[in-house]
Amino acid sequence: MGKQDIRSEINKSNLAILVGGGILMLMLGLFLLDAAFNDEYPDFITLILGFFFAIIGLLVLVQPLFIKRFILITDLLIVENVFGTEKERIKISEIESYKEIKKKNKNQNWRDLTIYTEQSEHTISSLNTNYKKLRKKLIKGKKRNVYAEKLWHYKMNKRYGIGFLIAGLTVFYLFMPALINKNSVINSAELSQLKGIVSSPIEIKTSGKRGRNRYIAIELEEHPKFKFILGGFNFKATKVSQLKSNFKIGTAIELDILTEQYEKKIKKKQHWTFGIRLLVLEKLVFTE
């Protein structure tokens, strides 16, 4: 190669960050999946996050295999893969147009330059070495592809929209049943009674906007894997002062929970795919 040749390839520090980030995400995903599958009651959210981080980690780790290196020799652009194998030769005169997209994340800003020929397109990142020199040579006298830039922004907005929609549907799926049944009337035939000894002191917690929703989480010696939640209307109907004075470690209590929860989680008579460790109480009675 001559002195006037311009070589552009990914910066080694950026490559190290890319590979390191991929490894960390993959390890986090595998850790979460291992925790979920080795749990008697695998948590749905932990499982989803595990798959998410593992897949993203794998995608990040394979990304370097698709990295291109560019060498400009006078009026000829040589495109190589990461292993140095030549993939294509493009004459500068064959470049018809280009687009340049500004991108950013929490750590850095960069640009992606895409050149178009009649047969192919190639993207060069400003994170690569010699980007400015290469850009100047490649776009000189070429027209900017405004349509391609607008199409890219449209597709990205569409992807974000789909992502927010999926996230919204997931939240709806997880929490809507509780909202629908919030004010429903439950008769005694739908309830099962559970007796136990309190294993932790009472703690009144708040949630929601301005902490308006109050609830307590009860733990029993007989069922250490679960927390029994008393909230909403049932909490308001309970005398909080009496709770504070009577609710102590070692106190014997009776709990009423939905029979469906009782059969699935306590008796394990029904198939339970994902075990959420919170059981909603319909009634709380002190037996001592």
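Please read these numbers as outputs of a predicted model, since none were measured by experiment. Numbers given for residues are sequential positions, taken from 1 along each chain in its written order. At least 70 in pLDDT is required for a residue's local features to be given in this predicted model, at least 80 for side-chain atom pairs to be given and counted, and no such filter applies to totals for whole chains, interfaces and linings, which use all residues. Excluded from the side-chain calculations are hydrogens and water; all other atoms, namely the structure's heavy atoms, are used.

### Some details on the packing of aromatic side chains
Step number 1: Ring geometry is summarised as follows: Phe, Tyr and Trp rings, the Trp one being its six-membered ring, pair when their centres sit within 6.5 Å, and such pairs are stacked at plane angles under 30 degrees, edge-to-face over 60 and tilted between the two. This model, assessed by the stated rule, comprises one aromatic pair.
Step number 2: Measuring from ring centre to ring centre gives 5.4 Å for Phe-52 and Phe-53, while their planes differ by 75°; the resulting arrangement is edge-to-face.
Step number 3: Per-residue accessibility, obtained with a 1.4 Å probe over protein chains only, is compared with the maximum for each type, and a residue is labelled buried under 20%, exposed over 50%, and partly exposed between these values. When its relative accessible area of 48% is taken as the criterion, Phe-52 is described as partly exposed.
Step number 4: What makes Phe-53 partly exposed here is its relative accessible area of 22%.

### Some points on the sheet that holds strand E5 (residues 97-104)
Hydrogen bonds between backbone groups are what pair the strands of a sheet, and the pairing can be parallel or antiparallel.
Step number 1: Paired strands are those between which DSSP finds at least two bridges. A run of H or I in DSSP becomes a helix once it reaches four residues, and a run of E becomes a strand once it reaches two; helices and strands are each numbered from the N terminus. As summarised here, the arrangement of the four strands in space is E7-E6-E5-E8, forming an open sheet in which the pairing is mixed. A single partner strand is all that each edge strand has here, and the edge strands are strand E7 (121-125) and strand E8 (143-144).
Step number 2: Contacts are assigned to residue pairs with any non-hydrogen atoms lying within 4.5 Å of each other. Only C-alpha atoms enter the line fits that serve as axes; for helices the fit covers just the stretch in contact. Angles between N-to-C directions range over 0 to 180 degrees. Docked against the sheet, helix H3 (residues 131-139) engages E5, strand E6 (109-116) and E7, running at close to 30° with respect to E6.

### Digging into the nonpolar core
Step number 1: Each nonpolar core is a collection of buried residues, namely Ala, Val, Leu, Ile, Met, Phe, Trp, Tyr and Cys, held together in the definition by side-chain atoms within 4.5 Å. Ranked by size, the top nonpolar core spans 16 residues in total, and within it Leu-72, Leu-77, Leu-134 and Leu-138 carry the most contacts.
Step number 2: Breaking this core down by element, the ones donating at least two residues are strand E2 (69-73), strand E3 (76-80), E6 and H3.
Step number 3: Ranked by residue count, the leading element in this core is H3, at four residues.
Step number 4: In terms of nonpolar packing, the next biggest core, distinct from the first, is built from 13 residues, Val-198, Ile-216, Ile-257 and Ile-266 among them.

### As for the layout of surface pockets
Step number 1: In this analysis a 1.4 Å probe is tested at points of a 1 Å grid over the protein atoms alone, and where it fits but cannot get out there is a cavity; an open set with protein on both sides within 12 Å along at least five of seven lines is a pocket; lining residues have an atom within 4 Å of a point. Grid points are joined across faces, edges and corners, and a volume is the space filled by probe spheres set on the points. Looking at the second largest pocket, its volume works out to about 1600 Å³.
Step number 2: As for the second largest pocket, its lining consists of 35 residues, of which Leu-18, Gln-63, Trp-110, Asp-112 and Leu-127 are closest to the centre.
Step number 3: Secondary-structure elements contributing two or more residues to the lining of the second largest pocket are helix H1 (12-37), helix H2 (44-62), E5, E6, E7 and helix H4 (146-180).
Step number 4: Considering every element that reaches the lining of the second largest pocket, the biggest residue donor is H1, with six residues.
Step number 5: Split into classes, the residues belonging to the lining of the second largest pocket amount to 16 nonpolar, 13 polar and six charged. Only Asp, Glu, Lys and Arg are considered charged in this grouping, and only Ala, Val, Leu, Ile, Met, Phe, Trp, Tyr, Cys and Pro are considered nonpolar; every other residue, Gly among them, is considered polar.

### Considering the sheet that holds E2
Step number 1: Read across the sheet, four strands follow the order E1-E2-E3-E4 without closing on themselves; strand pairing throughout is antiparallel. Single-partner strands in this sheet number two, and they are strand E1 (6-8) and strand E4 (86-91). The sheet shows a mean angle of 15° between the axes of neighbouring strands, direction not considered.
Step number 2: Here three bridges tie E1 to E2, and the two strands are oriented antiparallel to one another. When the bridges of E2 are listed, Ile-6 appears paired with Leu-72.

### Here's the deal with the pairing of E7
Step number 1: Direction of pairing for E6 relative to E7: antiparallel, over a ladder of five bridges. Within E7, the residue paired with Leu-113 across the bridge is Ile-124.

### Regarding helix H7 (residues 259-266)
Step number 1: The element H7 is largely enclosed, with a buried count of six among its eight residues.
Step number 2: Taken residue by residue, H7 has Gln-261, Tyr-262, Glu-263, Lys-264, Lys-265 and Ile-266 as its buried positions.

### Quick notes on the pairing of strand E9 (residues 191-197)
Regular strands have side chains that alternate between both faces of the sheet.
Step number 1: The side-chain alternation of E9 yields one buried face, formed by Ser-192, Leu-194 and Gly-196, and one unburied face, formed by Leu-191, Gln-193, Lys-195 and Ile-197.
Step number 2: In terms of strand pairing, E9 meets strand E13 (residues 252-258) through seven bridges, oriented antiparallel. By the bridge assignment for E13, Gln-193 is matched with Asp-256.

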